[in-house]
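Each chain, written out:
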Amino acid sequence: MVRKLLLGTTIFFSIALGVVTAQTVIDVADFSDLGGWTPAAGEWEVDGNRLYQRSTTALMARIDRELPHEGEYELRFNVRYEDGGYRTEEDLRNEIFHAGFGVHVGLSDSLPGVESWGAGQGYLLWLNLDTRERTMENYPQHFGFRAQVYESEGPISMDLMSAPWVEREFGNSTLSIDIVQALAAAGIRFDVADVEPHLNTQIPMRIRVNTNTGTVSIADPTAPLWYRVPLDPDVLSQGEHIAFRTNSLAVSFGNFRVVEQ
């Protein structure tokens, strides 16, 4: 599921080839225990050297890790779908889904371990799947399969990012791109059923944060490409934490590394 979603982000992130540079591992989590991770909401536990968020009903599941760092660093881990994303078997048959997964980067002034909507000042890179009719009627900017960036300003203040470059590049007032529509415009057919073969697969993730330039790059797990989004370097350079988040979705994480570029 996650693999197909990430592949779709090719349409809205600008592409740059990855460059191999000298690297130093500055943080490792083997998930033999929670270690430096602090649960804030959801059902977090470690099992078999993996970190699990097991709740399929938690709307703001989050776990925090201290990571004060300036310059350029890269988050590496793998993620695997475990359960959830729908309420009932009938919803599953009718492809009525609601689920999300993401990573907070550059978090400062956050409240580690405290359940909240936002999480201090920083950015949430988010993949959202919502096919509910009421979402289409009331919140069309969230309907469908979306690649989104949220700007968090505090525990109760977080919203989709808006900036002049977003309007220029994507024609949207906020950074919320309908992946299915974008793929269709590029001549690529995509359907929710296409994700089924990729469930329960460990998807390698690489997220590179440059606090000097403000560029955040996400690696395509299927090709040697990077998808980049320009953010505020002043925000990223003050970051003290990162966080994993899910919404109505159980997932697991493994092989976490932070590499200095």
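Here the structure is a predicted model, which means the values were calculated and not measured.

## Structural notes on the nonpolar core
- With 45 residues, the main nonpolar core has L75, F77, I207, F244, F253 and F256 as its most contacted residues.
- Each residue touching L75, except ones within four places of it in the same chain, is listed here: L67, V103, V105, M205, R206, I207, I242, F256, R257 and V258.
- The next biggest cluster of nonpolar side chains, apart from the first, holds 8 residues, and it includes F97, L127, A147 and F190.

## As for the environment of I177
- Among the secondary structure elements, I177 is positioned in strand β12 (residues 176–178).
- Residue classification places I177 among the buried positions, given a relative accessible area of 8%.
- Taking the C-alpha atoms as reference points, I177 and F145, 32 residues apart in sequence, are found 8.2 Å from one another.

## Some details on the pattern of salt bridges
- Scanning the model with the defined rule gives 11 salt bridges in all.
- For R208, the salt bridge is made with E74, and the minimal N-O distance between the two is 2.7 Å. With R208 in strand β13 (residues 203–210) and E74 in strand β7 (residues 72–84), this residue pair connects regions lying 134 residues apart in the sequence.
- The residue R132 makes a salt bridge to D130 at a minimum N-O spacing of 2.8 Å. As far as burial versus exposure is concerned, R132 and D130 are alike and both buried.
- Through salt bridges with shared partners, one network takes in E74, R76, R206 and R208.

## Remarks on the packing of aromatic side chains
- All told, the structure shown has 10 aromatic pairs when counted by the stated rule.
- Seen in terms of ring centroids, F244 and F253 are 4.1 Å apart; in terms of plane orientation they differ by 5 degrees. Their pairing is stacked.
- For F244, a relative accessible area of 1% puts it in the buried group.
- An aromatic cluster of three or more residues is present, and its members are F31, W37, W44, F77, F101, F244, F253 and F256.
- A cation sits over an aromatic face here: R54 above Y52, 4.0 Å from the ring centre.
- The ring of W226 has R208 lying over it, and the distance from NZ or CZ to the ring centre is 4.1 Å.

## Focus on the environment of A41
- With respect to the helices and strands, the residue A41 is situated in strand β3 (residues 37–41).
- Overall, the relative accessible area of 10% leaves A41 in the buried class.
- For the pair A41 and A61, spaced 20 residues apart in sequence, the C-alpha to C-alpha distance is 4.5 Å.
- Every residue in contact with A41, bar those within four places of it in the chain, is listed here: M60, A61, R62 and E115.

## Details of unusual backbone geometry
- The backbone phi angle of D109 is positive, close to 55 degrees, even though this residue is not glycine.
- Note on placement: D109 falls in the loop between β8 (98–108) and β9 (121–130).
- Unlike most non-glycine residues, N255 shows phi in positive territory, near 50 degrees.
- Inspection of the secondary structure assignment puts N255 in strand β17 (residues 249–260).

## Describing the pairing of strand β5 (residues 50–53)
- Residues R50 and Y52 of β5 are buried on one face, and the alternating residues L51 and Q53, pointing to the opposite face, are buried as well.
- Of the pairings in the sheet, the one linking β5 to β17 comprises 3 bridges and is antiparallel in character. The partner of Y52 across the bridge, within β17, is S252.

## Some remarks on the side chain of S176
- Structurally, S176 can be placed in strand β12.
- If we skip the residues at most four places from it in the chain, S176 touches Q141, R146, A147, Q148 and L160.

## Topic: the layout of surface pockets
- Put simply, the largest pocket is a space of about 430 Å³.
- What lines the largest pocket is a set of 19 residues, among which H98, W117, H142, Y150 and N247 lie closest to the centre.
- At the level of secondary structure, the elements contributing two or more residues to the lining of the largest pocket comprise β9, β10 (144–154), β11 (157–160) and β16 (241–247).
- The biggest single contributor to the lining of the largest pocket is β9, with 4 residues.
- Considered class by class, the residues forming the lining of the largest pocket number 8 nonpolar, 7 polar and 4 charged.

## Things to note about the confidence of the model for the protein
- Residue-level pLDDT values for the protein average 87, and 89% of them are 70 or greater.
- When mean pLDDT is compared element by element in the protein, β5 scores highest at 98, while strand β1 (residues 14–17) scores lowest at 37.
- For the stretch residues 1–20, pLDDT sits under 50, and the model shows 57 contacts to residues farther than four places along the chain or on other chains.

Reading the values: the criteria
Residues numbered from 1 in each chain as written. Predicted model: local features only at pLDDT ≥ 70, side-chain atom pairs only at ≥ 80, totals over all residues. Heavy atoms only, no water. Core = buried A, V, L, I, M, F, W, Y, C linked by side-chain atoms within 4.5 Å. Buried < 20%, exposed > 50% of the residue type's maximum accessible area, 1.4 Å probe, protein only. Contact = heavy atoms within 4.5 Å. Helix = DSSP H or I, 4+ residues; strand = E, 2+ residues; numbered from the N terminus. Salt bridge = Lys/Arg side-chain N within 4 Å of Asp/Glu carboxyl O. Phe/Tyr/Trp six-rings, centres within 6.5 Å; stacked < 30°, edge-to-face > 60°. Lys NZ or Arg CZ within 6 Å of the ring centre and 35° of its normal. Pairing = 2+ DSSP bridges. 1 Å grid on protein atoms, 1.4 Å probe; cavity = no way out; pocket = protein on both sides within 12 Å on 5 of 7 lines; lining within 4 Å. Points joined across faces, edges and corners; volume = space filled by probe spheres on them. Nonpolar A, V, L, I, M, F, W, Y, C, P; charged D, E, K, R; others polar. pLDDT = per-residue confidence, 0-100.

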